[in-house]
2 protein chains.
Amino acid sequence: MSDSVKRINHVALVVEDLATALTFWRDALGLPVGHTESNPAEDVDIAFLPVGDSEIELLKPTDPESGIGKYLAKKGQGIHHICLEVTDIEATIQRLTGHGFEMINETPRIRPDGTRYAFVHPKSAFGVLVELYEA
Amino acid sequence: MSDSVKRINHVALVVEDLATALTFWRDALGLPVGHTESNPAEDVDIAFLPVGDSEIELLKPTDPESGIGKYLAKKGQGIHHICLEVTDIEATIQRLTGHGFEMINETPRIRPDGTRYAFVHPKSAFGVLVELYEA
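Residues numbered from 1 in each chain as written. Chains lettered and ligands numbered in written order. Predicted model: local features only at pLDDT ≥ 70, side-chain atom pairs only at ≥ 80, totals over all residues. Heavy atoms only, no water.

> Tell me about unusual backbone geometry, residues and numbers included.
Glycine aside, the phi torsion of most residues is negative, and most peptide linkages are trans. Residues and elements named next belong to chain A. A positive phi angle, close to 55 degrees, is found at Asp-43, a residue other than glycine. With respect to the element layout, Asp-43 can be found in the loop between strand E2 (35-39) and strand E3 (44-51). Given a relative accessible area of 24%, Asp-43 falls into the partly exposed group. (Helix = DSSP H or I, 4+ residues; strand = E, 2+ residues; numbered from the N terminus. Buried < 20%, exposed > 50% of the residue type's maximum accessible area, 1.4 Å probe, protein only.)

> Describe the relation of the copies chain A and chain B, naming the residues involved and giving the relevant values.
With an RMSD of 0.0 Å, chain A superimposes on chain B once it is rotated by 180 degrees and translated 0.0 Å along the axis. Here the copies are linked by what is in effect a two-fold axis. Residue A:Asp53 of chain A places its C-alpha closer to the rotation axis than any other residue of that unit, at 3.2 Å. Mapped onto chain B, 100% of the interface residues of chain A are again interface residues, and the two copies thus contact each other with one and the same surface. (Least-squares fit on C-alpha atoms with pLDDT ≥ 70 in both. Contact = heavy atoms within 4.5 Å.)

> Outline helix H2 (residues 67-75) of chain B, listing residues and values.
All names here are of chain B. Looking only at H2, the buried set comprises Ile-68, Gly-69 and Leu-72. Within H2, the buried residues cover an arc of 105 degrees as seen down the axis, which keeps them to one side. Facing away from the buried surface of H2 by more than 90 degrees, the exposed residues are Gly-67, Ala-73, Lys-74 and Lys-75. Those residues of H2 that are buried are in contact with strand E1 (5-14), strand E3 (44-51), strand E4 (54-61) and strand E5 (78-86). (Arc of directions from axis to C-beta.)

> For the interface of chain A and chain B, give the residues involved together with the corresponding values.
At the junction of the two partners, chain A supplies 44 residues and chain B supplies 44 residues. Summed over both partners, the interface of chain A with chain B buries about 3,700 Å², with 77% contributed by carbon and sulfur atoms. When the area that chain A buries against chain B is broken down by residue, the three leading residues are A:Phe24, A:Leu29 and A:Phe126, summing to 19%. Applying the counting rule to chain A against chain B returns 0 salt bridges. The tally of links between chain A and chain B comes to 9 residue pairs in polar contact (both at pLDDT 80 or more). Among the elements of the structure, strand E1 (5-14), helix H1 (18-28), strand E4 (54-61), strand E5 (78-86), helix H3 (89-98) and strand E8 (130-134) of chain A are those that each provide at least two residues to the side of chain A that touches chain B. In terms of residue count, the dominant contributor to the side of chain A that touches chain B is H1(A) (7 residues). By residue class, the composition of the side of chain A that touches chain B is 25 nonpolar, 13 polar and 6 charged. (Buried area = accessible area lost by both parts, 1.4 Å probe. Salt bridge = Lys/Arg side-chain N within 4 Å of Asp/Glu carboxyl O. Polar contact = N/O pair within 3.5 Å; in protein donor to acceptor, adjacent residues only side chain to side chain. Nonpolar A, V, L, I, M, F, W, Y, C, P; charged D, E, K, R; others polar.)

> Give a detailed account of the packing of aromatic side chains, specifying residues and quantitative values.
Evaluated as defined, the whole model comprises 8 aromatic pairs over all chains. Here B:Phe24 and B:Trp25 contribute two aromatic rings whose centre-to-centre distance is 5.0 Å and whose plane-to-plane angle is 85 degrees, an arrangement assigned as edge-to-face. As far as the burial class goes, B:Phe24 and B:Trp25 line up, both buried. Where B:Tyr117 meets B:Phe119, the ring centres are 6.1 Å apart and the plane angle is 80 degrees; that geometry is what we call edge-to-face. B:Phe119 shares its class with B:Tyr117; the two are buried. Through successive ring pairs, a cluster of aromatic residues spans A:Phe24, A:Trp25, B:Phe101 and B:Phe126. Positioned above the aromatic ring of A:Tyr117, the side-chain terminus of A:Arg111 is 3.7 Å from the ring centre. (Phe/Tyr/Trp six-rings, centres within 6.5 Å; stacked < 30°, edge-to-face > 60°. Lys NZ or Arg CZ within 6 Å of the ring centre and 35° of its normal.)

> Account for the sheet that holds E1(A), naming residues and giving values.
Residues and elements named next belong to chain A. Taking strand neighbours across the sheet as the criterion, the 8 strands line up as E2-E3-E4-E1-E5-E8-E7-E6 in an open arrangement whose pairing is mixed. One side of each edge strand has no neighbouring strand; the edge strands of this open sheet are E2 and strand E6 (109-110). Bridging between E1 and E5 involves 8 bridges; their strand directions are antiparallel. Bridged to His-10 within E5 is Cys-83. Along the sheet, helix H2 (residues 67-75) contacts E1, E3, E4 and E5; its crossing angle with E4, the most-contacted strand, is approximately 85 degrees. (Pairing = 2+ DSSP bridges. Axes fitted to C-alpha atoms, helices over the stretch in contact; angles between N-to-C directions.)

Interpretation note: all reported values are geometric properties and have no functional meaning in isolation.
The following block contains the structure:
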């Protein structure tokens, strides 16, 4: 186990419609829906489905001009990013940039609930969009 | 928690080169490499990096004509699939097909170590390639 990465906090999937996607993840696979929320700041509706010590996060863009909305239009439905929960987000960012990897957010952004997050640039992380998260 | 899905067993990433990808996942993020293996049956070299109760799995195709090799050529590096560990793979497949979802493998395939797996068709699962796995 890494001393700094605790777990996969969630795997985020972009979907066209939450209710339709839930027929697969909830109804057929039997995952519970932990909660749902609207995030007007990022123009997404979200459903969180806990599984093990992680979550599947379904993201439905509410504005086609938003980042997620444009992603859906360009790439279609699918896996959007992996979020890693870390013990010290500043230290992790420092270690990544020290190794020459490029952040989208060099300083963590803060959500209304006080949790912090930062995205690593997918070109830097070999095609994978990685979110770092500290509770 | 679902009665049938225990956890995200792994998230699989397609990479061009294991050593290069490890500079991010192992050296910069600090994840340990659990083990590595060559899988000639599926034409991939694999590195497994445990994180929480899951793993990041790096897949490097060894044959450009293989399934993973063609995927890499067409889509580039990135997230390939999510593997869900289930308690009863036949029951899960039955539940999925009963809800109208389409499997790539309607009967589980068996690995040399006796574990069983089956893939859900990504068009059926809203663009996500989902592997089911029973230990």
